[in-house]
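# Per-entry structural report
Below, each chain spelled out in residue letters.
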Amino acid sequence: MSKKSIFMVLVGLVVGISLIYTFTGTTDPELYQESITAERERQFKFLKYNLDSPLEEEQKDELDSLDFYPIDPEYKVRARLVPVENRRILEIPMTDGSLERYIRHSYAEFDLRGKGLKLLLLQAEDETDRRNFFLAFADETSGDETYGGGRYLNLRQDGQSSITIDFNLAFNPYCAYNPDFACPIPPRENILDIAIRAGEKNYDK
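Predicted, not measured: the structure shown is a model, and the values here were computed from it. (Residues numbered from 1 in each chain as written. Predicted model: local features only at pLDDT ≥ 70, side-chain atom pairs only at ≥ 80, totals over all residues. Heavy atoms only, no water.)

## Some remarks on the overall build of the protein chain
- Counting its regular elements, the protein chain contains 4 helices and 7 strands.
- Mapped from its N terminus to its C terminus, the protein chain presents α and β elements in the order α-α-α-α-β-β-β-β-β-β-β.
- Of all 205 residues assigned to the protein chain, the portion counted as buried reaches 53%.
- A separation threshold of at least 6 residues defines the contact pool for the protein chain, and within that pool the share at least 24 residues apart is 64%.
- Looking at the protein chain as shown, the accessible area adds up to about 10400 Å², and 49% of this sits on carbon and sulfur atoms. (Helix = DSSP H or I, 4+ residues; strand = E, 2+ residues; numbered from the N terminus. Buried < 20%, exposed > 50% of the residue type's maximum accessible area, 1.4 Å probe, protein only. Contact = heavy atoms within 4.5 Å. Areas by Shrake-Rupley, 256 points an atom, 1.4 Å probe, with all protein chains shown as cover.)

This is the structure we're talking about:
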């Protein structure tokens, strides 16, 4: 599977999430919990049953569940979008030593648990919908409770100058399950000095 195909599959995994947010938000706690739980179940079924899953057949047979942190609405934040000055192409190192090109598009600025944070949002060079962004990040749980290579979020701009980031939906890259896959490494701007205890935990082989 090509890197472009892998990226498109990842986008497909979360294509419905923005619509869920549009209609549910966090105003109804029960509905919010149900929406996140449903997305996690869909992620599990993809990994276990889909032909494009990164898991080997033996791994699929042994996979009974994925490990997640408890759903915590506090980790769903509204961020201010700050465009990057002089946007340029950034070559992101991949886990196999190759490089993949992304546009340094915007910073997402927000507060989480009383701490101001800023994350770099990337955009695929061939992205046709300019509202779609890719976020790769690592935090103090990386390499211990979560995958050492960081975790991902596919985001969609849902405000004129703002975007919703829900770390409860953070997921592992394919290389967390299978080292034969090449995955983007989070840029230095997105190495956080706090623990993001939300989303998917490390895959237990």
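## Remarks on the nonpolar core
- Judged by nonpolar contacts, the single largest core of 27 residues is most densely connected at Phe110, Leu153, Ile163, Ile165, Phe167 and Ile196.
- Listed by contribution, the elements that provide at least two residues to this core are helix H3 (29-49), strand E1 (76-83), strand E3 (99-112), strand E4 (115-124), strand E5 (132-137), strand E6 (151-156) and strand E7 (162-166).
- In contact with Phe167, other than residues within four places in its own chain, are Tyr75, Phe110, Leu119, Phe137, Leu153, Ile196, Ala198 and Gly199.
- By size, the runner-up hydrophobic cluster in this structure holds 26 residues, among which are Phe44, Leu63, Tyr177 and Phe181. (Core = buried A, V, L, I, M, F, W, Y, C linked by side-chain atoms within 4.5 Å.)

## As for the environment of Ile191
- Structurally, the position occupied by Ile191 is in the segment after E7.
- A sequence separation of 52 residues divides Ile191 from Asp139, and the C-alpha atoms of the two residues are 5.8 Å apart.
- Aside from chain neighbours lying at most four places away, what touches Ile191 is Ala138 and Pro186.

## With respect to the pairing of E7
- Among the 5 residues in E7, 5 count as buried, and that is most of the element.
- Burial of E7 is two-sided: the residues Ser162, Thr164 and Asp166 facing one way and the residues Ile163 and Ile165 facing the other way are all buried.

## Concerning the pairing of strand E2 (residues 89-93)
- The alternating pattern of E2 places Leu90 and Ile92 on a buried face, while none of Ile89, Glu91 and Pro93, on the opposite face, is buried.
- As paired elements, E2 and E3 share 5 bridges and run antiparallel to each other. The residue of E3 that forms the bridge with Pro93 is Leu99.
- In sequence, E2 turns back onto E3 through a hairpin of 5 residues, with Gly97 there showing a positive phi of about 95 degrees. (Pairing = 2+ DSSP bridges.)

Take it as geometry only, folks, not as evidence of what the structure does.
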